[in-house]
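Breakdown of the fold
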Amino acid sequence: MPPPVKLAIIGGGPSAFYVASRLLSLLPLKDPMSPPLRVHMYDRLWAPHGLVRYGVAPDHPEVKNCTNKFDATATDPRFRFFGNVNVGSTPLHSIPHALHLPLTSILNNYSHLLFATGCTMPTLHPAISPSVYCIPALSLVHWYTQHPSQPPPPALDEITHLTLIGQGNVSLDIARILLTSPSVLRQYDVPEHVLEVLSRSTVKHVSIVGRRGPLEAAFTTKELREMINLPEASMVPIEPTLLTPPSGVALTRQQRRTLELLQKGSKNRPGSTPKSWSLHFYRSPASLTLPSSASALDMANLTLAHTRLDPATHRAVPTGETSTLPTSLVVTSLGFHADPETTFFDPALRHLRSSAGRITSPDGSALKNMYASGWAANGAKGVLASTMIDAYAVAGTILSDIAPSSEAVTTAAPPSPEMEIAPDELLNRRPDLDALPAEIAHGIKDGMVTQYDDWKVIDAEEVRRGGALGKERERMGWDEALSFIARAAVIN
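Chains are numbered independently. Their residues run from 1 in the order of the written sequence. Whole-chain, interface and lining totals are the exception, using all residues; otherwise, since this is a predicted model, local features are given only for residues with pLDDT of at least 70 and side-chain atom pairs are given and counted only at 80 or more. Heavy atoms from the whole structure form the basis of all side-chain values; hydrogens and water molecules are not counted.

1. Considering the packing of helix α1 (residues 14-26) against helix α3 (residues 67-74)
- Between the N-to-C directions of two axes lies an angle of 0 to 180 degrees, each axis being a line fitted to C-alpha atoms and, for a helix, fitted only over the stretch in contact. The numbering of helices and of strands both runs from the N terminus, where a helix is a DSSP run of H or I of at least 4 residues and a strand a run of E of at least 2. Running from amino to carboxyl end, α1 crosses α3 at an angle of 50°, the nearest separation of the two axes being 10 Å. In this view, α1 runs oblique relative to α3, as classed from their interaxial angle. Crossing angle aside, the handedness with which α1 passes α3 is left-handed. Facing P14, F17, Y18, A20, S21 and L24 of α1, the residues of α3 in contact are K69, F70 and T73.
- Each residue receives one of three labels: charged for Asp, Glu, Lys and Arg, nonpolar for Ala, Val, Leu, Ile, Met, Phe, Trp, Tyr, Cys and Pro, and polar for the others, Gly being one of them. Residue composition of the contact of α1 with α3, by class: six nonpolar, two polar and one charged. Any angle from 65 to 115 degrees is called roughly perpendicular, while one under 35 is roughly parallel, one over 145 is roughly antiparallel, and all others are oblique. A crossing counts as left-handed when the near helix is turned anticlockwise from the far one by less than a right angle, and as right-handed when that turn is clockwise. Contact definition: two residues touch when any of their heavy atoms are within 4.5 Å.

2. So, the sheet that holds strand β14 (residues 300-309)
- Two strands are counted as paired when DSSP detects at least two bridges linking them. Spatially, β13-β14-β15 is the arrangement adopted by the three strands of the open sheet, whose pairing is antiparallel. Bordering the open sheet on either side are β13 (283-289) and β15 (316-327), each of which pairs with just one other strand. Averaged over all pairs of adjacent strands, the angle between their axes in this sheet comes to 25°, without regard to strand direction.
- Both β14 and β15 contribute to a ladder of nine bridges, which runs antiparallel. Considered in β15, the bridge of N301 is made with P326.

3. Let's talk about helix α16 (residues 478-491)
- Any helix carries an expected span of 1.5 Å times its number of residues minus one. Counted at 1.5 Å a residue, the expected span for α16 with its 14 residues is 20 Å, and the 20 Å between its end C-alpha atoms agrees.
- The rule is simple: take the accessible area with a 1.4 Å probe, protein chains only, and divide by the maximum for that residue type; under 20% is buried, over 50% is exposed, in between is partly exposed. Looking at α16, one finds that the buried residues are W478, A481, F484, I485 and A488. Angularly, the buried residues of α16 cover 125° about the axis, an arc narrow enough to put them on a single face. For α16, exposure combined with an orientation more than 90 degrees from the buried face picks out D479 and V490.
- Buried residues along α16 sit in contact with α15 (452-468). Arc definition: it is the arc formed by the directions from the helix axis to the C-beta atoms.

4. Remarks on the packing of helix α9 (residues 221-228) against helix α10 (residues 253-264)
- The interhelical angle for the contact between α9 and α10, taken along N-to-C directions, is 10°, at an axis separation of 10 Å. The angle between α9 and α10 places the two elements in the roughly parallel class. Contacts between α9 and α10 involve T221, L224, R225 and I228 from the first element and Q254, R257, T258, L261 and L262 from the second.
- Residue composition of the contact of α9 with α10, by class: four nonpolar, three polar and two charged.

5. A short note on the UniProt feature "binding site: NADP(+)" (unreviewed entry) in the protein
- UniProt positions are given in the numbering used here, feature names are shortened, and annotations may be inferred rather than shown by experiment. Within this numbering scheme, the UniProt entry marks Q167, G168, N169, V170, R211, R212, E223 and G382 as carrying the feature "binding site: NADP(+)" (unreviewed entry).
- Along the chain, N169 falls in helix α6 (residues 169-179).
- With relative accessibility at 24%, the residue N169 sits in the partly exposed group.
- Look past the residues within four positions of N169 in its chain and what remains in contact with it is A218, F219, T220 and E223.
- Along the polypeptide, E223 turns up in helix α9.
- The exposure class assigned to E223 is buried, which follows from its relative accessible area of 6%.
- Excluding anything up to four places from it in sequence, E223 contacts H60, N169, L172, D173 and R176.

6. What about the sheet that holds strand β10 (residues 205-209)?
- One open sheet holds the six strands; their spatial order is β8-β16-β9-β10-β12-β11, and the pairing between them is parallel. Where the open sheet ends on each side, the last strands, each with one partner, are β8 (134-136) and β11 (233-235). Strand after strand, the sheet turns through a mean of 20° between neighbouring axes, direction not considered.
- Here strand β9 (residues 161-165) pairs with β10 via five bridges, running parallel. Its bridge partner being in β10, H161 is matched across the sheet by H205.

7. Concerning the pairing of β10
- Within β10, five of the five residues are buried, which leaves it mostly tucked inside the rest of the structure.
- Alternating residues of β10 divide into H205, S207 and V209 and V206 and I208, and every residue in both groups is buried.
- Summarising the sheet, β10 and strand β12 (residues 275-280) pair through five bridges and their orientation is parallel. The residue bridging V206 from the neighbouring strand is W277, located in β12.

8. So, the side chain of S361
- Tracing the chain through its elements places S361 in the loop between β21 (358-360) and β22 (366-372).
- Take S361: its relative accessible area is 11%, and that puts it in the buried class.
- Whenever a nitrogen or oxygen atom comes within 3.5 Å of another N or O atom, the pair is scored as a polar contact, on the condition that within protein one atom can donate a hydrogen and the other can accept it, and that pairs from neighbouring residues in sequence are kept only if both atoms are in side chains. Of note is the side chain of S361, whose polar atom sits 2.3 Å from the side chain of D363.

9. What about the packing of aromatic side chains?
- By convention, a stacked pair of Phe, Tyr or Trp rings (six-membered ring in the case of Trp) has centres within 6.5 Å and planes under 30 degrees apart, an edge-to-face pair has planes over 60 apart, and any other such pair is tilted. Tallied over the entire structure, the rule returns twelve aromatic pairs.
- Centroid distance Y18 to F70: 5.2 Å. Interplanar angle 75°. Geometry classified as edge-to-face. A residue pair is termed long-range when its members are at least 10 positions apart, and Y18 in helix α1 and F70 in helix α3 qualify at 52 residues. For the pair Y18 and F70, one class covers both residues: buried.
- Arranged with centres 6.1 Å apart and planes meeting at 20°, the rings of F336 and W375 form a pair that is stacked.

10. A closer look at the environment of L290
- Its place among the elements puts L290 in the loop between β13 and β14.
- For the pair L290 and V132, spaced 158 residues apart in the sequence, the C-alpha separation amounts to 9.4 Å.
- Setting aside anything within four residues of it in sequence, one finds L290 in contact with S131, Y133 and A300.

11. A closer look at the pairing of strand β1 (residues 5-10)
- Judged by how many residues are buried, β1 sits mostly within the fold: six of six residues are covered.
- Neither face of β1 is exposed, since V5, L7 and I9 on one face and K6, A8 and I10 on the opposite face are all buried.
- Inspection of the sheet shows β1 paired to strand β2 (residues 37-43) by six bridges, in the parallel sense. Note that in β2 the partner of I10 across the bridge is Y42.
- This β-α-β element, β1 to α1 to β2, shows right-handed connectivity. Look down the strands so they point away from you; if going from the first strand over the helix to the second traces a clockwise path, that crossover is right-handed.

Take a look at the structure:
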């Protein structure tokens, strides 16, 4: 029989849960040929599920159905979740109440380690510095999902025109939230304090700027269709020449549908609605000039460099022309990267240094029994389906290491190609399967570390409160959740 396996997973989002689910299902508890196994998951956030809870737009509840699978994974007695735990050297400034756990405590207590830490930092635009007139999209997303980092609410009652830089799904999510009536959003997972701010919003127009053309836009046709069908907003018509594909270019199905939707225009006639939105193609921010006074009515001036597509590289290159767009607030939505303070961060890749699911040393050799999955390993790209496929492949790699002769290896996704593995072992070859790092044991005792049973108590209460308000759920913040868990423990 293979030796016991004690896997620590850092990160509690979809990739982490998909890897855990795959391993636990392919190594059944009652199979005498399966190695003794424990899977302990750590997350800096107090609630599990990562971007499913704190990134998916609230009016897309169907995307969150994957949490049913995650709940099933958590019922396996070999699995444990520890929330509100910040592992390693990553600064605590974003989650000040998180318990700090040195990476050495993980290395000393586990035989295998998976990083599924995602990409938690927004990519900023080099030409525009953050200010009261320019914020990252992540700040807005974290605000309307009540992320534990607790960003301040935007001053929507002082804004008439908002400009989004970037034409991905996150930009369209934000535009859709701002252009949809709070009475419509109220049925979804939108906190009451967010609805209150949205009800006072004076936003009338949202501009969505991209450096390339409609064929290269990153948004999906589903998201574009939702924008076009907004009941209280209309789209500014796009110059027809921009929607004519170059001759001889074979379009994908998505590109054809995108052009068809943009040519058709919005459901509402332009100018017939109280709010509107526009797509600006072939434009790249060059500078942002702030107003001379601090009056809420004064706008900043966003200078946009006009661009064209280089036919050889398909990159946007400046034409030399510029134009100015007055705007109340600029929101940059240019993707995400891993925290540079994270162990094994590669500055060139902007995510963890890894290959085929294995953490690698600077010389390219794999570190024994150390893995990475999801955005942490591949960068911030893909959707839940691609995240699951990647996670299953990484699970296959782990299985090939812990039970190479097991039939489960052939059942799993194909393992990664053979690599040179460094002989040095950073982890504990023979850990106590059920022991916890001392910091975690104390954190549980002190009520600072949440476990999955705690989350299910909060989950049920959020759904109950939401039901009383006629909505999907009403979220709790950390302080309220901590008090509620403590009261529930006393009652039980």
